[in-house]
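Now for the letters of each chain:
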Amino acid sequence: MVLRILTVALFWLCSGSWSNAASPDLTDSTEETVISIIFTLRSEKNLPPIQRNDVLNRVAGRVSSANLERENFISHTDQNGKTLLDRTEEEAYPGAAGEIVAVILQPCSKAQEKDFVPHVAESFKRLIRGSPGHYDILISAHNNWNEYGISLLETVVTRSGQCFKKFSLALVMGLQN
């Protein structure tokens, strides 16, 4: 079997921000918003909905946790240097996969949490529509994705004495035969 692997990385440094307190509800709400955007983009191209897959969630989780710990760059490799192909093989995923990773940074002090989700939604849509590689992974009919895995992790980091909220997003699209 041939595995088709597509990867694209992106780094967001957002101008808006949110409060300093970590919020599982905020992470869940942001994840739901990202998935909703993906479903909307796919439906605009008359592509069918996709289903969440636990194996792809684990594959996505390994790279998002690695990117959460990295400084000043993002990567498609996990803490052990494993690529998307390596991770899908180790998790015994029986199909093709494509991956988008993103790191979102915002200052801790400027806005309220309620402002974050709509801001990320707009940023995500602009970036996806403005990046042929990202757009292709999400909505191209030739990719024929039928499932996905997502991981969105959050931490607080300090850079040059300034507090930032850092979200690490990994989205893995999959096609099982």
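All of these numbers come straight from a predicted model, not from anything done at the bench.

A. Region of interest: the overall build of the chain. Secondary structure summary: the chain contains 5 helices and 5 strands in total. Considering the chain as a whole, with its 177 residues, one finds that 52% of them fall into the buried category. Contacts spanning at least 24 positions in sequence make up 79% of the contacts within the chain whose residues lie at least 6 apart. Element-wise, carbon and sulfur atoms account for 51% of the exposed surface of the chain, whose accessible area totals about 8200 Å².

B. Representation of helix H5 (residues 132-139). Buried within H5 we find His 134, Tyr 135, Ile 137, Leu 138 and Ile 139. The arc that holds every buried residue of H5, seen down its axis, measures 165°, which confines them to one face.

C. Up close: the environment of Ala 96. The topology assignment puts Ala 96 in strand E3 (residues 96-107). Judged by its relative accessible area of 8%, Ala 96 is buried.

D. Region of the structure containing the pairing of E3. Most of E3 is tucked away: 12 of the 12 residues are buried. With burial as the criterion, each face of E3 is covered, one bearing Ala 96, Gly 98, Ile 100, Ala 102, Ile 104 and Gln 106 and the other bearing Ala 97, Glu 99, Val 101, Val 103, Leu 105 and Pro 107.

E. Layout of the pattern of salt bridges. Taken as a whole and assessed by the stated rule, the structure comprises 7 salt bridges. The salt bridge partner of Arg 129 is Glu 44, with a shortest N-O separation of 2.9 Å. Highlighted residues: Arg 129 in helix H4 (residues 116-130) and Glu 44 in helix H1 (residues 24-44), separated in sequence by 85 residues. Several salt bridges converge on common partners, so that one network encompasses Arg 58, Arg 62, Lys 82, Glu 90 and Glu 91.

F. View of unusual backbone geometry. Located in the positive-phi region is Asn 46, a residue other than glycine, with phi close to 60°. Of note, Asn 46 is situated in the loop between H1 and strand E2 (51-52). Since its relative accessible area comes to 72%, Asn 46 is described here as exposed.

G. Molecular detail of the nonpolar core. Grouped together as the largest cluster of nonpolar side chains are 27 residues, with contacts concentrated most on Ile 38, Phe 124, Leu 138, Leu 171 and Met 173. Breaking this core down by element, the ones donating at least two residues are H1, E3, H4, H5, strand E4 (147-159) and strand E5 (162-175). The residues touching Met 173, leaving out its near neighbours within four places in the chain, are Ile 38, Arg 42, Ile 50, Leu 56, Ala 96, Ala 97, Gly 98, Ile 137, Leu 138, Trp 145, Glu 147 and Tyr 148. Formed by 16 residues, the second largest nonpolar core is a distinct cluster that contains Ile 74, Val 101, Val 103 and Val 157.

H. Examining the confidence of the model for the chain more closely. Across the chain, pLDDT averages 76, with 76% of residues at or above 70. The secondary structure element of the chain with the lowest average pLDDT is strand E1 (residues 5-13), at 40, and the one with the highest is E2, at 94.

I. Representation of the pairing of E5 within the structure. Counting buried positions over the 14 residues of E5 gives 12, a clear majority of the element. Of the pairings in the sheet, the one linking E3 to E5 comprises 12 bridges and is antiparallel in character. Across the sheet, the residue bridging to Val 101 is Ala 170, located in E5. Relative to E5, E4 is paired through 13 bridges, and the arrangement is antiparallel. The partner of Gly 149 across the bridge, within E5, is Val 172.

So, how was this worked out
- Residues numbered from 1 in each chain as written.
- Predicted model: local features only at pLDDT ≥ 70, side-chain atom pairs only at ≥ 80, totals over all residues.
- Heavy atoms only, no water.
- Helix = DSSP H or I, 4+ residues; strand = E, 2+ residues; numbered from the N terminus.
- Buried < 20%, exposed > 50% of the residue type's maximum accessible area, 1.4 Å probe, protein only.
- Contact = heavy atoms within 4.5 Å.
- Areas by Shrake-Rupley, 256 points an atom, 1.4 Å probe, with all protein chains shown as cover.
- Arc of directions from axis to C-beta.
- Salt bridge = Lys/Arg side-chain N within 4 Å of Asp/Glu carboxyl O.
- Core = buried A, V, L, I, M, F, W, Y, C linked by side-chain atoms within 4.5 Å.
- pLDDT = per-residue confidence, 0-100.
- Pairing = 2+ DSSP bridges.

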